[in-house]
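Remarks on the overall topology
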Amino acid sequence: MRQAVDVLAVFDIGAMSPRPIRFKVVESGIKKTVRVTDIKNIEWLGAGGVSRIVYDCCTVNEGRRVSYRLLYFYHECRWEIERSA
């Protein structure tokens, strides 16, 4: 399942990709702020001229580790979250 999200990210000088800090996601009709605890992997993908960066992330939420993928569409400056259903 993919969903568009608002992301607060840091664009460090000299870095190839932005670093997500936190994002807002809608769950059950309620907008929640989620802090990115750990980025396990960053992968650049580009097929058909669509460049995107995929971040494998996890967050600690109520004592549980939640894994998800944040996708940054480089040329569109757009973020999405991808979670398993």
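Let us look at the structure shown here. (Residues numbered from 1 in each chain as written. Predicted model: local features only at pLDDT ≥ 70, side-chain atom pairs only at ≥ 80, totals over all residues. Heavy atoms only, no water.)

With respect to the packing of aromatic side chains
Here is the rule: In this scheme Phe, Tyr and Trp rings, the latter by its six-membered ring, pair at centre separations within 6.5 Å, and the angle between planes marks the pair as stacked below 30 degrees, edge-to-face above 60, and tilted otherwise. Each residue gets one of three labels from its accessible area relative to the maximum for its type: buried under 20%, exposed over 50%, partly exposed in between, using a 1.4 Å probe on protein chains only.
Counted according to the given criterion, the structure contains five aromatic pairs. Pairing Tyr72 with Trp79 gives two aromatic rings, centres 4.6 Å apart and planes at 40°, and the pair type is tilted. Judged by its relative accessible area of 8%, Trp79 is buried. An aromatic cluster of three or more residues is present, and its members are Trp44, Tyr55, Tyr72, Tyr74 and Trp79.

Some details on the sheet that holds strand E2 (residues 6-10)
Consider a sheet: its strands pair through backbone hydrogen bonds, and that pairing is either parallel or antiparallel. As a reminder, the rule being used: Pairs of strands are assigned from DSSP output, requiring at least two bridges between the strands. Runs of H or I in DSSP of at least four residues are treated as helices and runs of E of at least two as strands, each being numbered from the N terminus. Note on geometry: axes are C-alpha line fits, over the in-contact stretch for helices, and angles between N-to-C directions span 0 to 180 degrees.
Reading across the sheet, the three strands line up as E2-E3-E4 and stay open at both edges, with antiparallel pairing between neighbours. Of all strands in the sheet, those bounded by a partner on one side alone are E2 and strand E4 (30-35). Sheet twist, expressed as the average angle between the axes of neighbouring strands with direction ignored, equals 15°. Bridging between strand E3 (residues 19-27) and E4 involves six bridges; their strand directions are antiparallel. Its bridge partner being in E4, Phe23 is matched across the sheet by Val34.

Notes on the side chain of Thr59
Our working definition: Whenever a nitrogen or oxygen atom comes within 3.5 Å of another N or O atom, the pair is scored as a polar contact, on the condition that within protein one atom can donate a hydrogen and the other can accept it, and that pairs from neighbouring residues in sequence are kept only if both atoms are in side chains.
Structurally, the position occupied by Thr59 is in strand E6 (residues 50-61). Among the polar contacts made by the side chain of Thr59, one reaches the side chain of Tyr68 at a distance of 2.6 Å.

Comments concerning the environment of Gly14
One can find Gly14 in the loop between E2 and E3. A sequence separation of 42 residues divides Gly14 from Asp56, and the C-alpha atoms of the two residues are 21 Å apart.

A short note on the state of the cysteines
Short version of the rule: For the purposes of this analysis, a disulfide is any pair of cysteine sulfur atoms at a distance within 2.5 Å.
In total, this model carries zero disulfides according to the counting rule given. Here Cys57 stays free of any disulfide, with the sulfur of Cys58 as its closest cysteine sulfur at 7.7 Å. Of the residues examined, Cys58 reaches a relative accessible area of 1% and is grouped as buried.

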